[in-house]
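# Fold and geometry: a report
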Amino acid sequence: MSLTALRGSRGARDTRGTRRWTSIGDGPTPTAGRVLTYAVLIGLSIVVLAPVVWAVLSSFKSQSELAQTPPAPLPSSLRTENYTGALSSFDFALYLRNSVIVTVGATLLTVVINTMCAYGLAKYNFRGRNLLFLIVLGTIMIPLQLIFIPVYQMAAQLGLVNSLWGLIIPPAATPTGVFLLRQYMLTIPDELIAAARIDGAGEFRIFTRIVVPLSGAAIAVVTIFSVMWRWNDFLWPLIISQDQSKYTLPVALAQFNSQLVAPFNYILAMSVVSMLPVVIIFLVLQRHIVRGIASTGLK
């Protein structure tokens, strides 16, 4: 073996004597801490993704395969009839329409309310502003089960019970969204808003033309969170919906599971289908998550 090849096999060194990778790139050798960090992240990713992969693979299994002990990791064949059979015995189109209407309507309302509230708490100076923000922030610690009864009573008085509006309006304002947007808006220079006011711009125009476009990353984060919350919400739709025609997908799947003989192959197939919209939205907007959340603590 030549001397050059021997040196290449043992690793290369730059002019400062730092050992570098020779197999792929010319970057510095990673430290033990970085290797450990990536190993932990990969391990956690596997732990998080394992149930999802198992659900997708099990959605193609038969009832007998699902009942096997120990369960087989892979299906014997791709049984697409699980999906077609579930769609024929399950009013999927109706429940999907309800879920889409509730998710889109509640998300739009959540973004509008939270953005306006966060703008007022971030850029308007008035007495009691910090106290009001602490009260809004403190509602995060209140369990949702504690306020279901008063919220249901208010919804009943407004005639929202057993209607899609009852699923959209009550949970629209979220303190988490107000907190994220308010912290992000604090990073917008006050001089920019003052200059717009000097130029004659009104408050609504400043809000829609300056603040909202500059807060796009935080709004994207709130949008993703709202879609996930509304799409997967189960308890409030179960309480407010008294007719099957108003059921969303999580409630309908729970009712489908309460049959005398639960068709778990159909349930898994519909669960996989119900996960797809959230996964697609997350993949489209994922680049905004880290940037939006990281920017909430800059000021």
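Here the structure is a predicted model, which means the values were calculated and not measured. (Residues numbered from 1 in each chain as written. Predicted model: local features only at pLDDT ≥ 70, side-chain atom pairs only at ≥ 80, totals over all residues. Heavy atoms only, no water.)

Within the protein chain one finds 16 helices and 2 strands. Here the protein chain, with 299 residues, has 34% of them falling under the buried criterion. A separation threshold of at least 6 residues defines the contact pool for the protein chain, and within that pool the share at least 24 residues apart is 71%. For the protein chain, the exposed area adds up to about 18,200 Å²; of that, 68% sits on carbon and sulfur atoms. (Helix = DSSP H or I, 4+ residues; strand = E, 2+ residues; numbered from the N terminus. Buried < 20%, exposed > 50% of the residue type's maximum accessible area, 1.4 Å probe, protein only. Contact = heavy atoms within 4.5 Å. Areas by Shrake-Rupley, 256 points an atom, 1.4 Å probe, with all protein chains shown as cover.)

Tyr119, Leu181, Met185, Ile193, Ile206 and Val211 are the most contacted members of the largest nonpolar core, which totals 21 residues. At the level of elements, helix H5 (92-123), helix H9 (175-185), helix H10 (190-198), helix H11 (203-214) and helix H12 (216-232) are the ones that each hand at least two residues to this core. With residues near it in sequence (within four places) discarded, Ile206 still touches Tyr119, Ile193, Ala196, Arg197, Ala201 and Val211. Ranked by size, the runner-up nonpolar core spans 18 residues in total, among them Tyr83, Tyr247, Leu249 and Ile267. (Core = buried A, V, L, I, M, F, W, Y, C linked by side-chain atoms within 4.5 Å.)

Moving on to unusual backbone geometry. Located in the positive-phi region is Asn162, a residue other than glycine, with phi close to 60 degrees. Among the secondary structure elements, Asn162 is positioned in the loop between helix H7 (144-157) and helix H8 (164-168). Judged by its relative accessible area of 25%, Asn162 falls in the partly exposed class.

What follows is about the side chain of Ser215. The residue Ser215 is located in the loop between H11 and H12 in this model. The buried category is assigned to Ser215, whose relative accessible area is 0%. Beyond its immediate stretch of four places on either side in the chain, Ser215 contacts Tyr184, Met185 and Ile188.

Sequence positions flagged by UniProt for "transmembrane region" (unreviewed entry) are, in local numbering, residues 35-57, 100-119, 131-152, 164-185, 206-229 and 266-285. Secondary structure content for residues 164-185 is 73% helix and 0% strand, and the end C-alpha separation is 32 Å. (UniProt positions renumbered as here; feature names shortened; annotations may be inferred.)

Below, the discussion takes up the pattern of salt bridges. Where charged atoms from two side chains of opposite charge come close, those side chains can pair. This model, assessed by the stated rule, comprises 2 salt bridges. With its nearest N and O atoms 2.7 Å apart, the salt bridge here joins Lys123 to Asp190. Note that Lys123 is positioned in helix H5 and Asp190 in helix H10, a separation of 67 residues in sequence. The closest approach of N and O atoms between Glu203 and Arg197, which form a salt bridge, is 3.0 Å. Judged by relative accessible area, Arg197 falls into the partly exposed class, the value being 35%. (Salt bridge = Lys/Arg side-chain N within 4 Å of Asp/Glu carboxyl O.)

Owing to its 3.6 residues per turn, the α-helix brings residues three or four apart onto one side. Those residues of helix H4 (residues 81-89) that fall on the buried side of the exposure criterion are Asn82, Tyr83, Gly85 and Ala86. Among the structural elements, helix H15 (264-285) are those in contact with the buried residues of H4.

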